[in-house]
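Analysis of the macromolecular model
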Amino acid sequence: MQPRATRDPAWARWLLTAVALMFLLFFLVLPLAVVFSQALEKGVGHYLATIREPNALEAIKLTLLTVAIVVPANVAFGVAAAWAIAKFKFPGKSVLTTLIDLPFAVSPVIAGLIYVLVFGAHGWFGPWLIAHDLKVIFAVPGIVLATAFVTCPFVARELIPLMQAQGTDEESSAVTLGANGWQTFLRVTLPNIKWGLFYGVILCNARAMGEFGAVSVVSGHIRGVTNTMPLHVEILYNEYNIAGAFAVASLLALLALATLVLKSVVEWRQAGVP
Amino acid sequence: MSIEAHGIRKKFGAFTALDGVDLHVPQGKLVAVLGPSGSGKTTLLRIIAGLEFPDPGSGRILFHGDDVTDIPAGRRRVGFVFQHYALFRHMSVLENVAFGLRVRRRRDRPAPPAILERAHRLLELVQLDGLAGRFPSQLSGGQRQRVALARALAVEPKVLLLDEPFGALDARVRKELRRWLRRFHDDIQLTTIFVTHDQEEALEIADEVVIMNQGRVEQVGTPQQVYDNPSTPFVYQFLGNVNVLRAPALATALRPGGVAAATQEGLIYVRPHDIELAPHDAGGPGLSAIVRHLHAAGPHARLLLEQVQTREQVEVEVSRSELSGLNLKVNDLVRMRVRQVRSFAEDFAI
Amino acid sequence: MTPARTSRSILPGFGLSMGFTLAYLGLIVLVPLSAAFLRAAGMSTHDFVAAVASPRVIAAYRLSFGASLAAGGVNMVFGLVVAWVLVRYPFPGRRIIDALVDLPFALPTAVAGIALTSLYSAHGWVGRWLAPLGLQVAFTWTGVFVALTFIGLPFVVRTVQPVLQELEPEIEEAASTLGANRWQAVTRILLPELAPSLLTGFALAFARALGEYGSVVFISGNMPMRTEIVPLLIITKLEQYDYRGATAIAVVMLVSSFILLLLINLLQKWSRRYHAI
């Protein structure tokens, strides 16, 4: 029940709502709809055939492998960083917090480039890697590293403010009651941060699966070997296999929708907790 | 300007905030609307200001006899001070005070130098002129309160409405500021209503107190009237401490010359300072009681007694000298007599 | 850097967590990033300037900065409207729309890229209505702008929305009791209150758009001098094994991003300035 003093006239409400919805229609709803429409344009049979094709399956496998490495690594990093930053005082804390956010400010293409500069044939470790017959760039390790770079802030930046807000009282009491470090973390801290952690994992996972620019630079686009799902979409699209490209893209779009649903569930859950 | 409210009703969904409220505030008075939270007092104030509107067809608001019920807040010429001040954070103190003048229509708007001059004068009036360039976040709570007041006065309101004006301040500042408000009101003579849940505050500075409960007005009167002659059990309990006892014991407890209003069956209400104590062997009227707790810090001594017959707990307040004359200790027997009681029929009780 | 030096804590694990954090951050982020700067530092000034200021690169800067600014600006306006509607006007399906706003964060950029291209190309659902009007979106500057608008859409909404939500209704009521009409209350009270978050959202959207690659490359057509964005140019140089050229341009972009990051931090400090109440 809004008092009249802060209520806008009806025409203004209708107009603004219409403008907002139109904007979202053209920039969000239609792009999403076109993905599924194009994916099924040649029928369900073609759709299924495209995503069951060996190269597509290899791409899916590589994407899952990357996520399976990157997400746990970033969870470990996020938890460690949040523990150090939120539970202790030390000089340079704000610098560290800024540095953790740094990858968000870096273009994905540059994220790929810097790994080429370090591990590429002409990079710092290039000659050494070649001498030992190891490949990072144009191989899976490069894809994993570039993805880790791009996604490393996600978990940390969810957890840091959360754990800062929660303070150290509960952990301190646990320690005075005789719990050791791991017990304190697993039994006191973790239950308090589980939703924030989950939230960070969802976002990290979505970005890791969908990363395109950084991976594009380091992968070398070797079909069936160093192709992730987004790269496979690009290849199919550039070969004018539009329906095929959208078929694989629709899997990624479903992932995005699932991410939004999970994210909203977590947000509503948190909003419901007093 | 006088303010009248007739038969105001307001529902928020299923909750009845105001259930037929009538109010008359004479020109130039400082009136306190007092009640517990949820009593509807703030809603009443907001309806008077034009920030809320009574339920359709339910009642009228009159300013100086003119019906303003359908006039929006901006054109009622009311100065409203919000509980948390609602200062504009991005504006300096001076800009906050000048805002009401700057948003006037061009033909009513004073020239910019005149606006600034008036804003400065108002800041002097509330003793804040040195802080004109500060932002609200740089002020103390009491200072913010006075900026809010100056801002409300800038539009030359006909009435001043204050919603829990001292609610967000700490105890010491609150006392200072409410005395200041009383003096200030005496100087400017503006019809003023303030809402509060603090009975001490209302009784100390208001000309008249309106006591509200559950969307209704329980009693209206001067502070002395409402304190000495509460018309309902609610008012009795809300204004100061009170002992609620069962009536039959009363007959023997009344002090010679004491006043007992309507001593029929039911509950009786006795203020702690309306009980006097005598040595237990003194004889005469009175009830026997055992001292259960003694608290003698401060100007008055507080005792918790247990009446021997009924085992009811009774709170008593006596002067320190009276107490030392009795030389009481915990678990001593004592005789208590009542100076003044009130009783209400039982179905009246809250 | 021991906690004992600054303030004693009875909690364990500082050394372990701090050590791991620094090692991970160093290996994954800082060392590789420094590679770009060290490589660029190894170039002569002449080579560096030649690499970052050739006409083709300048054209790419103009496109990237120009289209990012335009997209950020459009998002500032529409983002404010969307946030306003989501916070102030209840309508059926509001929660779904609210959740959908984050789609550009969640949808892989390559998917967004092909979807927007398909939508806005001359035969697409939207493009076929624009083509008769002489408005070509795909493979033009407008296409780049559309993709960057999509990518930056959530930023303004998500920075303004919480501020709008926590704004006390009392300040609008105060303005109204002081005689302000609704328009004055909005322009003089609400917009100034929202300005810091609006600008923060704009800066975030702009920074994101500057580095964006995946959603743009499909719709832009990638014509040198015309629709070639800076990140694409970096990739082109890499594919031609011009590492030095790519690195030099990357350093320019990195410095721009860091300046923006600094600006965003200052903006957020500024937005907290009045909020000590």
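**Focus on the overall build of chain B**
Along chain B, the regular secondary structure elements total 10 helices and 18 strands. In terms of overall dimensions, chain B has C-alpha extents of about 80 × 50 × 35 Å along its principal axes. Here chain B, with 350 residues, has 53% of them falling under the buried criterion. When the accessible surface of chain B is split by element, carbon and sulfur atoms take 49% of a total near 15500 Å². Positive and negative charge centroids in chain B, built from 44 and 40 side chains respectively, lie 6 Å apart.

**What about the interface of chain C and chain A?**
Every contact between the two is made by 92 residues of chain C and, on the other side, 92 residues of chain A. The tally of links from chain C across to chain A stands at two salt bridges. For K263 of chain A, the salt bridge goes to D102 of chain C, with nearest N and O atoms at 2.3 Å. Where chain C touches chain A, the interface holds 12 residue pairs in polar contact (both at pLDDT 80 or more). Partitioned by chemical class, the residues of the side of chain C that touches chain A number 66 nonpolar, 18 polar and eight charged.

**Quick word on the pattern of salt bridges**
For side chains of opposite charge, pairing can occur when their charged atoms come near one another. Residue and element names in this part refer to chain A. Counted under the stated rule, the structure contains 36 salt bridges over all chains. Across the pair K61 and E58 runs a salt bridge whose closest N-O atoms are separated by 3.6 Å. Here K61 and its partner E58 are both found in helix 3 (residues 54-87), three residues apart, which amounts to about one turn of the helix. For K61, a relative accessible area of 54% puts it in the exposed group.

**Re the layout of surface pockets**
In this model, the second largest pocket occupies a volume close to 1200 Å³. The wall of the second largest pocket is formed by 44 residues, among which A180, N181, R182, W183 and Q184 of chain C lie closest to the centre. When contributions to the lining of the second largest pocket are tallied by element, the ones reaching two or more residues are helix 1 (10-39) of chain A together with helix 4 (55-88), helix 10 (169-177) and helix 11 (182-211) of chain C. With eight residues, helix 11 of chain C is the single largest residue contributor to the lining of the second largest pocket. Class assignment of the residues belonging to the lining of the second largest pocket gives a composition of 24 nonpolar, eight polar and 12 charged.

**Some words on a nonpolar patch on the surface**
Nonpolar side chains collect at one region of the surface, where W124, F125, W128 and L134 of chain A together with V31 and L38 of chain C lie side by side and expose about 590 Å² of accessible area between them. Topologically, L134 of chain A is positioned in the loop between helix 6 (126-131) and helix 7 (140-151).

**Quick look at the state of the cysteines**
Residue and element names in this part refer to chain A. Scanning all chains against the criterion turns up zero disulfides over all chains. The cysteine C152 is free of any disulfide, with C204 supplying the nearest cysteine sulfur at 8.8 Å. When its relative accessible area of 0% is taken as the criterion, C204 is described as buried.

**Points about a positive patch on the surface**
A contiguous patch of positive charge on the surface is contributed by R102, R106 and R109 of chain B together with R188 of chain C. By secondary structure assignment, the location of R106 of chain B is in the loop between helix 2 (93-102) and helix 3 (112-125).

**What about the packing of aromatic side chains?**
Taken as a whole and assessed by the stated rule, the structure comprises 27 aromatic pairs over all chains. Centre to centre, the rings of F212 of chain A and F218 of chain C are 6.0 Å apart; their planes meet at 35°, and the pair counts as tilted. Highlighted residues: F212 of chain A in the loop between helix 10 (181-210) and helix 11 (213-219) and F218 of chain C in helix 12 (residues 214-220), drawn from two different chains. In this structure F212 of chain A comes out as buried when scored by relative accessible area, which is 0%. Members of the aromatic cluster, connected to one another through ring pairs, are Y115, F119, F125 and F149 of chain A. The ring of F88 of chain B has R151 of chain B sitting right over it, with the charged end atom 4.5 Å from the ring centre. A cation over a ring is seen here: R95 of chain C above W268 of chain A, with NZ or CZ 4.0 Å from the ring centre.

**Examining the confidence of the model for chain C**
Scored by pLDDT, chain C comes out at a mean of 90, with 95% of its residues at no less than 70. Listed scores for the predicted complex are pTM 0.86 and ipTM 0.90.

**Considerations on the side chain of S197 of chain C**
Examined against the element boundaries, S197 of chain C turns out to sit in helix 11. In this structure S197 of chain C touches T159, V160 and V163 of chain C, once residues within four positions along its chain are discounted.

**Examining helix 10 of chain A**
Residue and element names in this part refer to chain A. The end-to-end C-alpha distance of helix 10, which contains 30 residues, comes to just 36 Å, noticeably less than the 44 Å that a straight helix rising 1.5 Å per residue would cover. Its axis deflected by about 60° at L190, helix 10 carries its strongest bend there, up to four residues before the proline P191. Of the residues flanking the start of helix 10, the one acting as N-cap is N180, its side-chain oxygen 3.1 Å from the backbone nitrogen of W182.

**Focus: unusual backbone geometry**
Residue and element names in this part refer to chain B. If you check the backbone angles, E156 has positive phi at about 50° while not being a glycine. Inspection of the secondary structure assignment puts E156 in the loop between helix 4 (141-154) and strand 7 (159-163). Residue Q214 is not a glycine yet carries a positive backbone phi of 50°. If you trace the backbone, Q214 turns up in the loop between strand 9 (208-213) and strand 10 (216-221). For Q214, a relative accessible area of 62% corresponds to the exposed category.

**Some thoughts on the environment of P233 of chain B**
Its place among the elements puts P233 of chain B in helix 8 (residues 233-238). Along the backbone, P233 of chain B and L181 of chain B are 52 residues apart, and their C-alpha atoms lie at a distance of 30 Å.

**So, the sheet that holds strand 1 (residues 3-12) of chain B**
Pairing between sheet strands relies on hydrogen bonds along the backbone, with the strands arranged either parallel or antiparallel. Residue and element names in this part refer to chain B. Strand order in this open sheet of four strands is 2-1-4-5, and the pairing throughout is antiparallel. If you trace the sheet from one side to the other, it starts and ends with strand 2 (15-25) and strand 5 (66-67), each paired once. With eight bridges connecting them, strand 1 and strand 2 associate as antiparallel partners. Counterpart to A5 in the pairing with strand 2 is L23.

**Notes on the sheet that holds strand 6 (residues 78-81) of chain B**
All names here are of chain B. In space, the six strands of this open sheet follow the order 6-7-8-3-9-10, with mixed pairing throughout. Edge positions in the open sheet fall to strand 6 and strand 10, since each of these has one partner strand only. In this sheet, neighbouring strand axes are inclined to one another by 15° on average, regardless of whether the strands run parallel or antiparallel. Bridge count between strand 9 and strand 10: five bridges; the pairing is antiparallel. Looking at the pairing, I211 lines up with Q219 of strand 10. Strands in contact with helix 4 are strand 6 and strand 7; relative to strand 6, the strand with the most contacts, it is inclined by about 165°.

**Digging into the confidence of the model for chain B**
For chain B, the average pLDDT comes to 86, and 92% of its residues sit at 70 or higher. Taken together, the stretch residues 346-350 of chain B has pLDDT below 50 and engages in 10 contacts with residues farther than four places along the chain or on a different chain.

**Quick look at the side chain of S68 of chain C**
Residue placement: S68 of chain C occurs in helix 4. If sequence neighbours within four positions are ignored, S68 of chain C has contacts with L63, L148, F206, A209 and L210 of chain C.

**Some points on the environment of V67 of chain A**
All names here are of chain A. Tracing the backbone shows V67 in helix 3. For V67, a relative accessible area of 11% puts it in the buried group. Residues V67 and I100 lie 33 residues apart in sequence; the distance between their C-alpha atoms is 20 Å. Each residue touching V67, except ones within four places of it in the same chain, is listed here: P72, N205, A208 and M209.

**Details of the packing of helix 9 (residues 141-166) of chain C against helix 11 of chain C**
All names here are of chain C. At their nearest, the axes of helix 9 and helix 11 sit 8 Å apart, and the two run at 155° to each other. Between helix 9 and helix 11, the angle is such that the two are roughly antiparallel. With respect to the hand of their crossing, helix 9 and helix 11 are arranged in right-handed fashion. Across the interface between the two elements, L148, I151, G152, F155, V156, T159, V160, V163 and L164 from helix 9 touch E193, L194, S197, L198, T200, G201, F202, L204, A205, R208 and A209 from helix 11. When the residues that make up the contact of helix 9 with helix 11 are grouped by side-chain class, the tally is 13 nonpolar, five polar and two charged.

Definitions and cut-offs
- Residues numbered from 1 in each chain as written.
- Chains lettered and ligands numbered in written order.
- Predicted model: local features only at pLDDT ≥ 70, side-chain atom pairs only at ≥ 80, totals over all residues.
- Heavy atoms only, no water.
- Helix = DSSP H or I, 4+ residues; strand = E, 2+ residues; numbered from the N terminus.
- Buried < 20%, exposed > 50% of the residue type's maximum accessible area, 1.4 Å probe, protein only.
- Areas by Shrake-Rupley, 256 points an atom, 1.4 Å probe, with all protein chains shown as cover.
- Lys, Arg positive; Asp, Glu negative; His and termini not counted.
- Charge placed at Lys NZ, Arg CZ, Asp CG, Glu CD.
- Contact = heavy atoms within 4.5 Å.
- Salt bridge = Lys/Arg side-chain N within 4 Å of Asp/Glu carboxyl O.
- Polar contact = N/O pair within 3.5 Å; in protein donor to acceptor, adjacent residues only side chain to side chain.
- Nonpolar A, V, L, I, M, F, W, Y, C, P; charged D, E, K, R; others polar.
- 1 Å grid on protein atoms, 1.4 Å probe; cavity = no way out; pocket = protein on both sides within 12 Å on 5 of 7 lines; lining within 4 Å.
- Points joined across faces, edges and corners; volume = space filled by probe spheres on them.
- Patch = residues over 30% accessible without salt bridge, like charges linked within 9 Å, V, L, I, M, F, W, Y side chains within 5 Å.
- Disulfide = S-S within 2.5 Å.
- Phe/Tyr/Trp six-rings, centres within 6.5 Å; stacked < 30°, edge-to-face > 60°.
- Lys NZ or Arg CZ within 6 Å of the ring centre and 35° of its normal.
- pLDDT = per-residue confidence, 0-100.
- Expected span 1.5 Å × (residues − 1).
- Bend = angle between axes of the 7 residues up to and from the residue.
- Pairing = 2+ DSSP bridges.
- Axes fitted to C-alpha atoms, helices over the stretch in contact; angles between N-to-C directions.
- Parallel < 35°, antiparallel > 145°, perpendicular 65-115°, else oblique.
- Left-handed = near helix turned anticlockwise from the far one by under 90°.

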